[in-house]
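# Per-entry structural report
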Amino acid sequence: GGVPPAIDLVLGATAGCLACFLTNPLEVVKTRLQLQGELQPPGTYHRPYRGVLRAAVAVCRADGLRGLQKGLAAGLLYQGLMNGVRFYCYSHAEDAGWTGYPGGTVAAGAVAGAVGAVVGSPAYLVKTHLQAQTLSAMAVGHQHNHENISSAFRSIYQQHGVVGLWRGVTGAVPRVAVGSAVQLATFASAKDWVCERQWFRKGSWAAVLAGGMVSGVAVAVTMTPFDVISTRLYNQPVDADGTGKLYRGFLDCILQISSKEGLLGLYKGIGAVYLRLGPHTVLSLFFWDKLRNM
């Protein structure tokens, strides 16, 4: 409170970028796990990535230590755009008093997240492409073979125009809306909950981290299916006219994953999602709060 929405836009973008720099390796691992065994029944495909830690080691062996920061530039751009807009919209909702109504925090978080997802979608598209790229022996999902972030944007625009940059946004909007609503609604209450049980001292780093990890459980469970769908829609190969070769859209993606990979296919990479969400929730909201106070 007390901070103009325009300032919150800058602070939110800064907080998101700081958090992204520290959690991007888990984002790379998560992307690989979610693309592994795409549209194949369980147990019928080669699994170069097994679990979070072993997947991280596999990424390092294939791409070197720098491989864990693949797509970082696109990730920073996405976090800056998405979180800047998200916190800007949420700040407006606070100033208007909407968050004071029952369910207002959830609604404001969902709307703010949806708007942020639309604005940041092109950066997330490129980030997914770059993070999926690796050696052929370790490749999962379609390989777009971009040289860098600028060539990726240029290639997508030249082939499919402006509309092509927003391909997959139908999966991004529900993903971020659900994640944002649950995150903003549960983080503060989870932090207070662990303090009420006297597990940690109020205001301590441990309380903030514990609150983030508790909140992360709720966010991971609700958000992972949307996250998997979003990754698949963004990374799928497309025809010359920009039509997806694997999925026709959001609902078709759900149906195909469920029928061919089982319902658990929608929860691929949930370990990496959770391990990333806790620290990212803590870091982004902590940096935002501290920057606001400053």
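Note that the structure is a prediction, hence the values are computed from the model and not measured. Residue numbers run consecutively from 1 along every chain, following the written order of its sequence. Residues qualify for local features only when their pLDDT is at least 70, as the model is predicted, and side-chain atom pairs are given and counted only at 80 or more; totals for whole chains, interfaces and linings, by contrast, use all residues. With hydrogens and water excluded, all non-hydrogen atoms of the structure serve as input to the side-chain values.

### A short note on the overall build of the chain
Runs of E in the DSSP output that reach at least two residues are strands. Runs of H or I that reach at least four are helices, and both are numbered from the N terminus. Assigned secondary structure in the chain consists of 9 helices and 0 strands. Its helices and strands in sequence order give the chain the pattern α-α-α-α-α-α-α-α-α, from N to C terminus. Only C-alpha atoms enter the radius of gyration; for comparison, a globular chain is expected to reach 2.2 Å times N to the power 0.38, where N is the number of residues. Taken against the 2.2 N^0.38 rule, which gives 19 Å for 294 residues, the C-alpha radius of gyration of the chain at 19 Å falls within 12% of a compact globule. With respect to the three principal axes, the spread of C-alpha positions in the chain is 50 × 40 × 35 Å. Across the 294 residues in the chain, those meeting the buried criterion constitute 53%. Only heavy atoms matter for contacts: two residues are in contact if any of them lie within 4.5 Å across the pair. Taking the intrachain contacts of the chain between residues at least 6 apart in sequence as the baseline, contacts between residues at least 24 apart amount to 78%. Here the chain has roughly 13200 Å² of accessible surface; of this, 65% comes from carbon and sulfur atoms. For the purpose of counting charges, residues Lys and Arg are taken to be positive, whereas Asp and Glu are taken to be negative. His and the chain ends are not included. Charged side chains are reduced to one point each, which is NZ for Lys, CZ for Arg, CG for Asp and CD for Glu. Charged side chains in the chain number 25 positive and 15 negative. The centres of these two groups are separated by 8 Å. Remark: exposure states derive from per-residue accessible area (1.4 Å probe, protein chains only) relative to the maximum for the residue type, with buried under 20%, exposed over 50%, and partly exposed in between. Note that accessible areas follow from Shrake-Rupley with a 1.4 Å probe, and for residues the cover is restricted to the protein chains shown.

### A few points about helix α7 (residues 205–235)
With 31 residues, α7 should reach 45 Å at 1.5 Å per residue; the first-to-last C-alpha distance of 37 Å falls well below that figure. Approximately 45 degrees is the largest bend angle found in α7, and it occurs at M223, with the proline P225 only one to four residues beyond. The span expected for a helix works out to 1.5 Å for each residue beyond the first. Note that the bend at a residue is defined as the angle between axes fitted to the seven residues ending at it and the seven residues starting at it.

### Regarding the UniProt feature "repeat: Solcar" (unreviewed entry) in the chain
UniProt positions are given in the numbering used here, feature names are shortened, and annotations may be inferred rather than shown by experiment. UniProt's entry tags residues 3–96, 100–193 and 203–294 with the feature "repeat: Solcar" (unreviewed entry), counted in the numbering of this structure. In residues 3–96, the share of helix is 71% and the share of strand is 0%. The end C-alpha atoms are 13 Å apart. Taken end to end, residues 100–193 is 76% helix and 0% strand, and its two terminal C-alpha atoms sit 20 Å from one another.

### Structural notes on a nonpolar patch on the surface
A patch is a set of surface residues, each over 30% in relative accessible area and not in a salt bridge, joined within 9 Å for like charges and within 5 Å for the nonpolar side chains Val, Leu, Ile, Met, Phe, Trp and Tyr. Here, a salt bridge means any Lys or Arg side-chain nitrogen found within 4 Å of an Asp or Glu carboxyl oxygen. A contiguous nonpolar patch, built from L77, L81, V111, V115 and V119 and spanning about 350 Å² of accessible area, is present on the exposed surface. Those elements that provide at least two residues to the nonpolar patch are α3 (72–95) and α4 (104–132). The leading source of residues in the nonpolar patch is α4, at 3 residues. Relative to the elements of secondary structure, V115 occurs in helix α4.

### Section: the packing of α7 against helix α8 (residues 250–261)
Working convention: axes come from line fits to C-alpha atoms, limited for helices to the stretch in contact. Angles between N-to-C directions cover 0 to 180 degrees. Direction vectors running N to C along α7 and α8 enclose 105 degrees, while the axes themselves pass 10 Å from each other. With respect to their mutual orientation, α7 and α8 come out roughly perpendicular. Across from F226, V228, I229, R232 and L233 in α7, the residues of α8 making contact are F250, C253, I254, I257 and E261. Looking at the contact of α7 with α8, its residues break down into 8 nonpolar, no polar and 2 charged. Under this scheme an angle from 65 to 115 degrees is roughly perpendicular, one under 35 degrees roughly parallel, and one over 145 degrees roughly antiparallel; angles in between are oblique. Any residue outside Ala, Val, Leu, Ile, Met, Phe, Trp, Tyr, Cys, Pro, Asp, Glu, Lys and Arg is labelled polar, Gly included; the first ten of those are nonpolar and the last four are charged.

### Here we look at the UniProt feature "transmembrane region" (unreviewed entry) in the chain
Under the UniProt annotation, "transmembrane region" (unreviewed entry) lies at residues 205–226 and 269–288. In the segment residues 205–226, helix accounts for 100% and strand for 0%; the C-alpha atoms at its two ends are 30 Å apart.

### Concerning the packing of aromatic side chains
Ring pairs are drawn from Phe, Tyr and Trp, using the six-membered ring of Trp, whenever the two centres fall within 6.5 Å, and their geometry is named by plane angle: stacked under 30 degrees, edge-to-face over 60, tilted for the rest. All chains considered together, the criterion is met by 4 aromatic pairs. Geometrically, the ring pair formed by Y78 and Y124 is edge-to-face, given 4.8 Å between the ring centres and 70 degrees between the ring planes. With Y78 in helix α3 and Y124 in helix α4, this pair connects stretches of sequence that are 46 residues apart. As far as the burial class goes, Y78 and Y124 line up, both buried.

### A few points about the side chain of Q236
Along the chain, the position of Q236 falls in the loop between α7 and α8. At a separation of 2.8 Å, a polar atom in the side chain of Q236 contacts the main-chain amide nitrogen of Y247. Setting aside anything within four residues of it in sequence, one finds Q236 in contact with H144, R167, G244, K245, L246 and Y247. Any N or O atom pair separated by 3.5 Å or less is treated as a polar contact, with the protein-specific requirement of one donor-capable and one acceptor-capable atom, and with residues adjacent in sequence counted only for side-chain atom pairs.

### A few points about the packing of helix α1 (residues 5–35) against α4
Axis separation between α1 and α4 bottoms out at 9 Å; the angle between their running directions is 75 degrees. Judged on the interaxial angle alone, α4 and α1 are roughly perpendicular. Across the interface between the two elements, N24, E27, V28, K30, T31, R32 and L35 from α1 touch Y124, K127, T128, Q131 and A132 from α4. Residue composition of the contact of α1 with α4, grouped by class: 4 nonpolar, 4 polar and 4 charged.

### Examining the state of the cysteines
Cysteine sulfur atoms are paired as a disulfide whenever they fall within 2.5 Å. For the structure shown, the criterion picks out 0 disulfides. Not engaged in a disulfide, the cysteine C20 finds its nearest cysteine sulfur in C17; these two sulfurs lie 6.7 Å apart. Given the relative accessible area of 5%, C20 is considered buried. This cysteine, C60, is not joined by any disulfide, and C20 carries the nearest cysteine sulfur, 17 Å off.

### Comments concerning the environment of L11
Residue position: L11 is located in helix α1. Given a relative accessible area of 13%, L11 falls into the buried group.

### Observations concerning unusual backbone geometry
What you tend to see is this: most non-glycine residues have negative phi, and most peptide bonds are trans. With a phi angle near 60 degrees, L39 is a residue other than glycine that sits in the positive phi range. Mapping L39 onto the fold places it in the loop between α1 and α2 (52–63). The backbone of N145 shows a phi angle near 55 degrees, a positive value even though the residue is not glycine. Within the fold, N145 resides in the loop between α4 and α5 (149–165).

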